[in-house]
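Tertiary structure, described
Spelled out from the first residue to the last, the chains are:
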Amino acid sequence: MKKRTYTCGLDAAIDVVGGKWKALILWELDQGPRRFAEVRRGISGISEKMLIQQLREMEAYGLVHREVYRQVPPKVEYSLTDFGRSLNEALMPLGEWGERNMATIEAIPRD
């Protein structure tokens, strides 16, 4: 990952959580450690390829911990780090705003 200089805190936060899927993955992992298939089932519409990519990026940022259990068959679990939990807490008010305004947002015409 390339090192960046940010103009403000919001710029840094959006860089970490940007995109459609990361906030949803954070939300799903807030429920506790999950295996890959559990995360995928919990987030409708995400492809396997996209989930792998997003989890790798989130692991690189230190938001997600990947635990590999040495057993047969192999088992991998994903969980939030303290850093990831702190970001999830910061996103809670945004999610609450979205809940309150969902009908208005859904009514906005789009191309």
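As recorded in an unreviewed UniProt entry, the chain goes by Helix-turn-helix transcriptional regulator and comes from Micromonospora peucetia.

Our focus in this paragraph is the overall build of the chain. Across its full length, the chain carries five helices and three strands. Going residue by residue from the N terminus, the α and β elements of the chain occur as α-α-β-α-α-β-β-α. Oriented by its inertia axes, the alpha-carbon framework of the chain measures out at about 50 × 35 × 25 Å. When each of the 111 residues of the chain is scored for burial, the buried share is 25%.

Judged by pairing direction, the sheet is antiparallel, and its three strands sit side by side in the order 1-3-2 without closing on themselves. Each end of this open sheet is capped by a strand with a single partner; those strands are strand 1 (34–35) and strand 2 (64–69). The sheet contact formed by strand 2 and strand 3 (residues 75–80) spans six bridges and is antiparallel. Note that in strand 3 the partner of valine 68 across the bridge is valine 76.

Criteria and cut-off values
- Residues numbered from 1 in each chain as written.
- Predicted model: local features only at pLDDT ≥ 70, side-chain atom pairs only at ≥ 80, totals over all residues.
- Heavy atoms only, no water.
- Helix = DSSP H or I, 4+ residues; strand = E, 2+ residues; numbered from the N terminus.
- Buried < 20%, exposed > 50% of the residue type's maximum accessible area, 1.4 Å probe, protein only.
- Pairing = 2+ DSSP bridges.

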